[in-house]
Amino acid sequence: MNPGWRFYRGDLGKRNFDAIHASRFDSAEWMKAGNHGVSKAAYPDQEWREVDLPHDFVIENEFSPQANQVHGSLPVSVGWYRKVFKLPEADLGKRITLEFDGIYRDCSIWLNGHFVGRELSGYQSFSFDITEICNYGGLNALAVRVDAREFELWSYEGGGIYRDVRLVKTDPVHVAYDGTCVRFEVEHTAAPAEAHGTLLTTVANDSTTTTEAEVVSCILNPEGKEVAGVSTTLQIPALSRGETVQTVTINTPQLWSPDTPQLYTLLTQIQVNGKTIDNYETRFGIRSLKFDAKQGFSINGKSMKLKGVCNHQDHAGVGIAIPDRLQEWRIEQLKAMGCNALRTSHNQPTPALLDICDRHGIMVMDEARMPGATPELMSQMENLIIRDRNHPCII
């Protein structure tokens, strides 16, 4: 969903386009469902700028002595994004989900006049099921309001939809969002004979009938050869979720380390009545970690010093809207300098950065933005752990 957006800098005082009460109120989206005019397909946005994501609208501002110096002396403000897209009529019956890897910050999401949801954090990944408010066989209008006026860090943070956005279509019975967890236990040595794995799969059944599904798990080694497989039958009640725990063994595993970042792939298939209705891929690595008060840190039985950096998600010219290739270029430069570790200072990183660290053998300290025991902060920590739990780079 990254290409083809429209952007407006500033807030919109009048939002009641093509809606009930339009003659008496400038904004009445909370009065009636489907009343949000900016998220309707015909809303006049011809004067809005065309932009592609990732996008940081704060980096485009002029420096000002009145703006906060710690945040780059750049004024912060509100911004609006719109995207109009078609959904084929054949998608009716599927589940449609919007996935956002991160928006800075305090964003509200609207679709076809309806409120979808809100996310306060500028660093958390999140998703919304929009199945019931989509227009199948016609146009759909997505509007995102972003309020970047509050700070979360003591450094430049930018503003906007600065990470990837995806539209995911699935069968009603499918692997849930971030629904796989891969864990392998091996001896703490450089050449273990076996690796014993546990595969947790969460399957969503968004249909209105109880469904019997076959969870077929296949593991491919770094060369793409199948080295293990297992199948389990799961009975899932209507409008609920089911979990299956499977065990596998891999002989003579190839270990992940900074010097040899070997990556395996878990292929998960969901089959109903013998037909494959969902395919889901999970990259993972096999390694053992040990922290010892006297001996320090070791990986796969090898003592190792962490030679790392604290790294914020910003870069000259693009602000916080760093394309994946630029993220990878920075990791390549750090590794060439002798770096083997990264701290995601001081927040949840973009998932793409962890994929890059997996491939390049960079060990990661994965951080949540703010510690605390409140429901909101605990949910952010839970979200981070579930999202990132399969990355071998995270130590």
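Residues numbered from 1 in each chain as written. Predicted model: local features only at pLDDT ≥ 70, side-chain atom pairs only at ≥ 80, totals over all residues. Heavy atoms only, no water.

## Quick word on the overall build of the protein
- The number of helices and strands found in the protein is three helices and 22 strands.
- On the principal axes, the C-alpha backbone points of the protein span a range of 75 × 60 × 35 Å.
- Per-residue burial over the protein gives 53% buried out of 395 residues.
- The long-range share in the protein, meaning contacts at least 24 apart out of those at least 6 apart in sequence, stands at 69%.
- Carbon and sulfur atoms make up 51% of the accessible area of the protein, which totals about 18600 Å².
- Across the protein, the mean location of the 39 positive side-chain charges is 2 Å away from that of the 50 negative side-chain charges. (Helix = DSSP H or I, 4+ residues; strand = E, 2+ residues; numbered from the N terminus. Buried < 20%, exposed > 50% of the residue type's maximum accessible area, 1.4 Å probe, protein only. Contact = heavy atoms within 4.5 Å. Areas by Shrake-Rupley, 256 points an atom, 1.4 Å probe, with all protein chains shown as cover. Lys, Arg positive; Asp, Glu negative; His and termini not counted. Charge placed at Lys NZ, Arg CZ, Asp CG, Glu CD.)

## Some remarks on the pattern of salt bridges
- For the coordinates displayed, the defined rule picks out 23 salt bridges.
- Note that E328 is salt-bridged to R359, the shortest N-O span being 3.2 Å. Within this pair, whereas E328 is found in helix α1 (residues 324-336), its partner R359 is found in helix α2 (residues 351-360), the two being separated by 31 residues in sequence.
- Linking D388 and R387 is a salt bridge whose minimum nitrogen-to-oxygen distance equals 2.6 Å.
- D388 sits in the buried class, given a relative accessible area of 3%.
- One salt-bridge network, in which partners are shared between bridges, spans R95, D129, E132 and D206. (Salt bridge = Lys/Arg side-chain N within 4 Å of Asp/Glu carboxyl O.)

## Considerations on the nonpolar core
- Y81, I103, I109 and V144 are the most contacted members of the largest nonpolar core, which has 36 residues in total.
- Looking at this core, the elements with two or more residues in it are β1 (5-9), β3 (78-87), β4 (95-100), β5 (107-111), β7 (126-129) and β8 (138-147).
- In this structure, I103 is in contact with I109, S121, G122, F126, V144, V146, G160, I161 and Y162, ignoring residues within four places of it in sequence.
- W256, I331, C357 and C393 belong to the second largest nonpolar core, which has 19 residues in total. (Core = buried A, V, L, I, M, F, W, Y, C linked by side-chain atoms within 4.5 Å.)

## Structural notes on the pairing of strand β17 (residues 289-292)
- By the bridge criterion, four bridges tie β17 to strand β18 (residues 296-299) in an arrangement that is antiparallel. Bridge pairing in β18 links L289 to I299. (Pairing = 2+ DSSP bridges.)

## What to know about the sheet that holds strand β12 (residues 211-220)
- Pairing is antiparallel in the open sheet, where four strands are placed in the order β13-β12-β15-β16. Edge positions in the sheet fall to β13 (226-236) and β16 (275-284), since each has one partner strand and no second. Across the sheet, the axes of successive neighbouring strands diverge by a mean angle of 20°, strand direction being ignored.
- The pairing of β12 with β13 spans ten bridges and is classified as antiparallel. Within the sheet, the bridge partner assigned to T211 lies in β13 and is I236. (Axes fitted to C-alpha atoms, helices over the stretch in contact; angles between N-to-C directions.)

## Some remarks on the packing of aromatic side chains
- Per the stated rule, a full pass over the model turns up 15 aromatic pairs.
- Both rings, one in W5 and one in Y81, keep their centres 6.4 Å apart while their planes meet at 85°; by these two values the pair is edge-to-face. One end of the pair, W5, is in strand β1; the other, Y81, is in strand β3, with 76 residues separating them in the sequence. Here W5 matches Y81 in class, with each residue buried.
- An aromatic cluster is present here, built from W5, F7, F57 and Y81 joined pairwise through their rings. (Phe/Tyr/Trp six-rings, centres within 6.5 Å; stacked < 30°, edge-to-face > 60°.)

## Description of α2
- For α2, the buried fraction is high: eight of the ten residues fall into the buried class.
- The elements touched by buried residues of α2 are α1, β21 (341-343), β22 (363-365) and α3 (375-388).
- Looking one or two residues past α2, G361 carries a phi angle of roughly 75°, positive in sign.

## Quick notes on the state of the cysteines
- Counted under the stated rule, the structure contains zero disulfides.
- In this model C393 remains outside any disulfide bridge; the closest cysteine sulfur is found in C357, 5.2 Å from its own.
- Under the relative-accessibility criterion, C393 is labelled buried at 0%. (Disulfide = S-S within 2.5 Å.)

## Things to note about the pairing of β3
- Of all ten residues in β3, eight are buried; the element is thus mostly enclosed.
- Of the pairings in the sheet, the one linking β1 to β3 comprises four bridges and is antiparallel in character. The partner of R9 across the bridge, within β3, is G79.
- Relative to β8, β3 is paired through ten bridges, and the arrangement is antiparallel. By the bridge assignment, F85 is partnered in β8 with N140.

## A closer look at the side chain of S257
- As for its position among the elements, S257 is in the loop between β14 (240-251) and β15 (264-272).
- The class for S257 is buried, based on a relative accessible area of 11%.
- Side chain to side chain, S257 and T260 meet in a polar contact 2.9 Å long.
- Apart from the residues lying within four places of it in its own chain, the contact partners of S257 are I299, N300 and G361. (Polar contact = N/O pair within 3.5 Å; in protein donor to acceptor, adjacent residues only side chain to side chain.)

## Remarks on unusual backbone geometry
- In this structure, R105 follows Y104 across a cis peptide bond, with omega equal to -15°.
- When you line up the elements, R105 lands in the loop between β4 and β5.
- Here the amide bond leading from S345 into H346 is cis, since omega sits at -10°, within 30 degrees of zero.
- Along the chain, H346 turns up in the loop between β21 and α2.
- The backbone of D106 shows a phi angle near 40°, a positive value even though the residue is not glycine.
- Examined against the element boundaries, D106 turns out to sit in the loop between β4 and β5.
- We note that N273 has phi near 55°; this positive angle belongs to a residue other than glycine.
- Counting through the fold element by element, N273 comes out in the loop between β15 and β16.

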